[in-house]
Amino acid sequence: MAVSDVTKMSWKLQDMVAHSGNVSSLVLGKSSSRLLATGGEDCRVNIWAVNKPNCIMSLTGHTSPVECVQFSSSEEHVVAGSESGSLRVWDLEAAKILRTLMGHKANVCSLDFHPFGEYIASGSVDTNIKLWDVRRKGCVFRYKGHTQAVCCLAFSPDGKWLASASDDSTIKLWDLTAGKMITEFTAHTSAVRVVQFHPNEYLLASGSADRTVKLWDLEKFKIIGSSEGETGPVRCVLFSPDGSCLYSGAEDTLRVYGWEPDRCFDVVHVGWGKVADFAICNSQMIGVSCSQKNVSSYVVDLSRVKTSGSVMQGLIQDDELLAAPISKGPTLRRNYERPTTSCSRQTMKQHLEAERRSPEGERRSPSSDDEHDDKESNAEITNPDDYKEIFQPHSAILRTPPKRSEPFPAPFDEECYPVKPCPAAEIITPAPDKLKAPKASSTPVLRVEPTVVASSPGRPISVPTQSVKTSIKADEEALAQIRKGHETMCVMLTSRHKNLDTVRTVWVSGDIKTSLDSAVSINDLSIVVDILNIVNLKPSLWKLDTCNTILPQIEELLQSKYESYVQTGYMSLKIILKRFWPLISETLTALPSVGVDITREERHQKCKACYKQLKNLSNVVKNRAEQVGRHGSTFKELQLLMAPLDY
C-alpha cells in the first residue's frame, strides 16, 4: 500500500505558549509560510519559526495590547497595531525599530503592506483607513466611508487599489491614485471578516460572519459567486498560488471552492478551531489558531485535497469526476499589469538612510516624543542561531527560510495499517553465498507471521466477535470512570437540553417573540445565549418588541464572567444599535401628530422603553471600556457606537 494512503490528510504540528498574557493576534508570512508573528495582551510582538519551540525575537515598545500584526511581502519587516491606535514597524534583519506611527483614535484592527513595501494601510475601530508613507513617517491619505470597525485590508497585486472589509457588512474598493472610493459591495448580511485579491485576475474574494464566501468581478463590479454550507463564520480565504481555486477556513473546517459555475470541490475537517490565518508552501497548507496564551499550528496535505472536478455539487458525468479545465490561451477576465521593474528588498533601507543624511530628511526629523517612543522600542533576540539562519543569510541571493522549504512529514493515520499482504507462514531459505552459520543451521527456517488484515481508509476491518464484546465492555468501563465526579454537570446539561426543547417547540410555530419570552422566563442565561446565537445570524428576525425583551438580558450578559456570554451580548447590542437606533431617535424627536394614531403611540412607547434600557447599558459599557485587553477593546467599540445616546 502506498504511503500516501496511510498518512493523515491533516494533523496538528505544534502547541506552544506564545505570550505571558492572552494572544490577541497572529499572522503567517506568506512568502515562506515558515515565519509566524504573534501579538499579545502583554504588549509584545513575538517572531517564531514554524515548528520550532523557541521564540526567535521579541519586539517591545507598545504600551497597550497588540491588536493586529502583519509581515511585509519580503518578510523582512513586521508592523503591529495596538489598542491605543499606534503602529510600530520593525526591521527584522537589523533587529531594530524602524518607525512609530501615531494617528488613530481607537484600536487598530487591520493592517497590510503595499506590495512594493514603502506604504502601509491601517484600519481602525474609529472607522478610518489611513495610508502611511514609511519613508517619511507620516499619514499621506485618510479614507472615510465605513460606519463600523475596519476588519481587513488588502492591496491589489499591482498596488493601485485597496479593498477594505468592515463590521458594517460592506466591502469598499479604493483607488489609491485618485484617493477616492471606486465601488461598494453590499451583498453580505453580517460583518465581513476577510478579503483577498486573486493573484492574477480582476477578482476579489470575501468571507463573512454570515457564513458565506462571495466572489466579485472587479471589471463589472458585480457578484459572480456565493457559497452555501459553511458551518460557521468564515475566518480566512486564500487563492491557490496558480489562482485555480479558493480555500476557505472556518471553525474546524477547510473548504475548496471553484467559480463560474459555483461549486465546492472538497471539505476537509481540521481540528484548528477558530483558525486565524493560513498559508501555502510545498503542497501543504499551514494554519494557525490561538486560545488564551497558547498558539497551535496545523498542516493540511493539499496533494490529497480535491481542487478540480466537482465533488460536492453537480458536474459529474458518467459517474466520473470531471477533469480540471484545460487553459485555452489567455483568460477572458482582465489580468493585473505589474510594473516591469519591482522594488528591491533594500529599497526601503536605502530611502531611510538617504533621508537621514539629506537636509530634507533633517527637516522631517521626528519629534522628541517620537524619538522617546523609538528608544523605548526594542528587539530582543532570544534565539541567536535561528535569527542568524533566517534573517542574516551569508549571501544576498540565498535567503532562509528558502522558498522551497522541505514539507513537514505527515504522521501515519492511526486508523490504517500499512501492512503488505502475506501468507500466515512463509518458508525462507538463505542463499548459499550469504550463509554464515554452521551447516546444521542450513535447514529451512519457518517464520510465522501474525495474521493482520490490510485495510484502507473508509473500509471496515473484520474483527472477531469476542474482541468486539471485550472492546464494548472496556468502553463502558472507561465511560463510567469518566462520569465519576461529573454527575452535577450531567444533570445541568440534561436540564439545559430539556429547556431548549421547550423553546424549540414554540420556535417551530414561527413566533420568535414568544420563543424569546419563553427562553427569558426559564431564568437561565445559557438558554438565552443559545437562542441569541441563532437570532444574531439573521438580523431581520429582530423587532422592536424583541429588543425590549432582550435588552435587560444583554445587560446581564455584558457583565458575565464568561467570555462567550460577553461576546454574544456584544453582537446582539451591535445589531440593535445598527438596525433600530435611527428609528428610535427619529420617533422620539418627531413632533406630535395631529389626532389619534394608535400605531404611532405604540411605536413611541416601545422606542421610549428601548431608549431607557440603552441608556442604562451605556453606563455599563462606559465602565467596562476602561479595562485592558480584548474585552476592553470590545467595550470601547460599543462605546463609540453608543455615543449618539448622549446627544
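Residues numbered from 1 in each chain as written. Predicted model: local features only at pLDDT ≥ 70, side-chain atom pairs only at ≥ 80, totals over all residues. Heavy atoms only, no water.

A. Representation of the overall build of the chain. When helices and strands are tallied, the chain shows 12 helices and 33 strands. In the chain, 55% of the contacts between residues at least 6 apart in sequence involve partners at least 24 apart. Surface accessibility of the chain: about 33,500 Å² in total, with carbon and sulfur atoms responsible for 53%. (Helix = DSSP H or I, 4+ residues; strand = E, 2+ residues; numbered from the N terminus. Contact = heavy atoms within 4.5 Å. Areas by Shrake-Rupley, 256 points an atom, 1.4 Å probe, with all protein chains shown as cover.)

B. Quick look at the packing of helix α6 (residues 487-508) against helix α7 (residues 512-521). As a packed pair, α6 and α7 sit with axes 8 Å apart at the nearest point and diverge in direction by 165°. Relative to α7, the element α6 is oriented roughly antiparallel. Crossing of α6 against α7: the hand is right-handed. Each of Thr-502, Val-503, Val-506 and Trp-507 in α6 lies in contact with α7, whose residues at this interface are Ile-512, Thr-514, Ser-515, Ser-518 and Ala-519. Of the residues belonging to the contact of α6 with α7, the class tally is 5 nonpolar, 4 polar and no charged. (Axes fitted to C-alpha atoms, helices over the stretch in contact; angles between N-to-C directions. Parallel < 35°, antiparallel > 145°, perpendicular 65-115°, else oblique. Left-handed = near helix turned anticlockwise from the far one by under 90°. Nonpolar A, V, L, I, M, F, W, Y, C, P; charged D, E, K, R; others polar.)

C. Layout of unusual backbone geometry. At the junction of Glu-260 and Pro-261, the peptide bond is cis and its omega measures out at 5° in the coordinates. As for its placement among the helices and strands, Pro-261 is situated in the loop between β24 (253-258) and β25 (263-269). The phi angle at Ala-95 is positive, at roughly 55°, despite the residue not being glycine. Here Ala-95 shows up in the loop between β8 (87-91) and β9 (96-101). Positioned with a positive phi, Asp-252 is a non-glycine residue whose angle comes to about 65°. Tracing the backbone shows Asp-252 in the loop between β23 (246-250) and β24.

D. Main features of the pattern of salt bridges. Under the definition given, this model contains 15 salt bridges. For Asp-167, the salt bridge identified is with Lys-574, shortest N-O distance 2.9 Å. Taken as a pair, Asp-167 in the loop between β15 (161-166) and β16 (171-175) and Lys-574 in helix α10 (residues 563-589) lie far apart in primary sequence, 407 residues in all. Between Lys-606 and Asp-545 there is a salt bridge, and its shortest N-O distance comes to 3.1 Å. One end of the pair, Lys-606, is in helix α11 (residues 598-624); the other, Asp-545, is in helix α9 (residues 544-558), and 61 residues separate them in sequence. (Salt bridge = Lys/Arg side-chain N within 4 Å of Asp/Glu carboxyl O.)

E. Representation of the packing of α7 against α9. Between α7 and α9, the least distance of the axes is 10 Å, while the angle of their chain directions is 20°. The pairing of α7 with α9 is recorded here as roughly parallel in orientation. Helix-helix and strand crossings are classified by hand; for α7 and α9 the assignment is left-handed. From α7, Lys-513, Leu-516, Asp-517 and Val-520 reach across to α9, where they touch Asp-545, Thr-546, Thr-549, Ile-550 and Gln-553. Here the residues of the contact of α7 with α9 are counted per class, giving 3 nonpolar, 3 polar and 3 charged.

F. The arrangement of the sheet that holds β8 in detail. If you walk across this open sheet you meet the 4 strands as β6-β7-β8-β9, and the pairing is antiparallel. With partners counted over all chains shown, the strands left at the sheet margins are β6 (66-71) and β9, one partner each. Adjacent strand axes in the sheet meet at a mean angle of 20° when their direction is disregarded. Across 5 bridges, β6 lies against strand β7 (residues 77-82) in antiparallel orientation. Bridging from a neighbouring strand, Phe-71 pairs with Val-78 of β7. (Pairing = 2+ DSSP bridges.)

G. Summary view of the sheet that holds β23. Strand order in the open sheet formed by 4 strands is β22-β23-β24-β25, with antiparallel pairing between adjacent strands. The sheet is open, and its two edges are formed by β22 (236-239) and β25, each paired on a single side. Averaged over all pairs of adjacent strands, the angle between their axes in this sheet comes to 20°, without regard to strand direction. Two strands pair when backbone bridges link them, and β22 and β23 are joined in this way by 4 bridges, in the antiparallel orientation. What sits directly across from Leu-238, in β23, is Tyr-247.

H. Summary view of the environment of Gly-287. Turning to its location among the elements, Gly-287 is positioned in strand β27 (residues 284-291). Relative accessible area serves as the criterion here: at 0%, Gly-287 is assigned to the buried category. Between the C-alpha atoms of Gly-287 and Cys-236, which are 51 residues apart in sequence, the distance is 9.8 Å. In this structure, Gly-287 is in contact with Trp-272, Asp-277, Phe-278, Ser-296, Ser-297 and Tyr-298, ignoring residues within four places of it in sequence. (Buried < 20%, exposed > 50% of the residue type's maximum accessible area, 1.4 Å probe, protein only.)

I. Layout of the nonpolar core. Among the nonpolar cores identified, the biggest contains 38 residues, and Trp-542, Leu-551, Leu-573 and Leu-614 are the most heavily contacted of them. Mapped by element, the contributors of at least two residues to this core are α7, α8 (525-535), α9, α10, α11 and α12 (630-641). When residues in this core are grouped by element, the largest group, 10 residues, is from α10. Apart from the residues lying within four places of it in its own chain, the contact partners of Leu-551 are Leu-573, Ile-576, Cys-610, Gln-613, Leu-614 and Leu-617. Membership of the second largest hydrophobic core comes to 30 residues, among which are Phe-185, Trp-216, Ile-224 and Val-234. (Core = buried A, V, L, I, M, F, W, Y, C linked by side-chain atoms within 4.5 Å.)

J. Up close: α10. Under the 1.5 Å per step criterion, the end-to-end length of α10 is 37 Å for 27 residues, consistent within 8% with the ideal 39 Å. Along α10, the sharpest kink reaches roughly 50°, centred on Phe-580 and followed within four residues by the proline Pro-582. (Expected span 1.5 Å × (residues − 1). Bend = angle between axes of the 7 residues up to and from the residue.)

K. Up close: the pairing of strand β26 (residues 275-281). For β26, the tally of buried residues reaches 6 of 7 residues, placing the bulk of the element in the interior. Examined bridge by bridge, β26 and β27 share 6 bridges and lie antiparallel to one another. Note that in β27 the partner of Ile-280 across the bridge is Met-285.

L. Highlighting the confidence of the model for the chain. Within the chain, residue pLDDT values average 78, and 77% of them lie at 70 or more. Here residues 310-331 scores under 50 on pLDDT; set against residues more than four positions off or in separate chains, the count is 26 contacts. Within the model, pLDDT remains below 50 along residues 352-370, and this stretch shows 17 contacts once partners closer than five positions in the same chain are excluded. (pLDDT = per-residue confidence, 0-100.)

M. Broad picture of the packing of aromatic side chains. All chains considered together, the criterion is met by 9 aromatic pairs. On the numbers, 5.5 Å between centres and 70° between planes, the contact of Trp-161 with Tyr-202 is edge-to-face. You can see Trp-161 sitting in strand β15 and its partner Tyr-202 sitting in the loop between β18 (192-197) and β19 (203-208), a full 41 residues away along the chain. Both residues of the pair, Trp-161 and Tyr-202, count as buried. (Phe/Tyr/Trp six-rings, centres within 6.5 Å; stacked < 30°, edge-to-face > 60°.)

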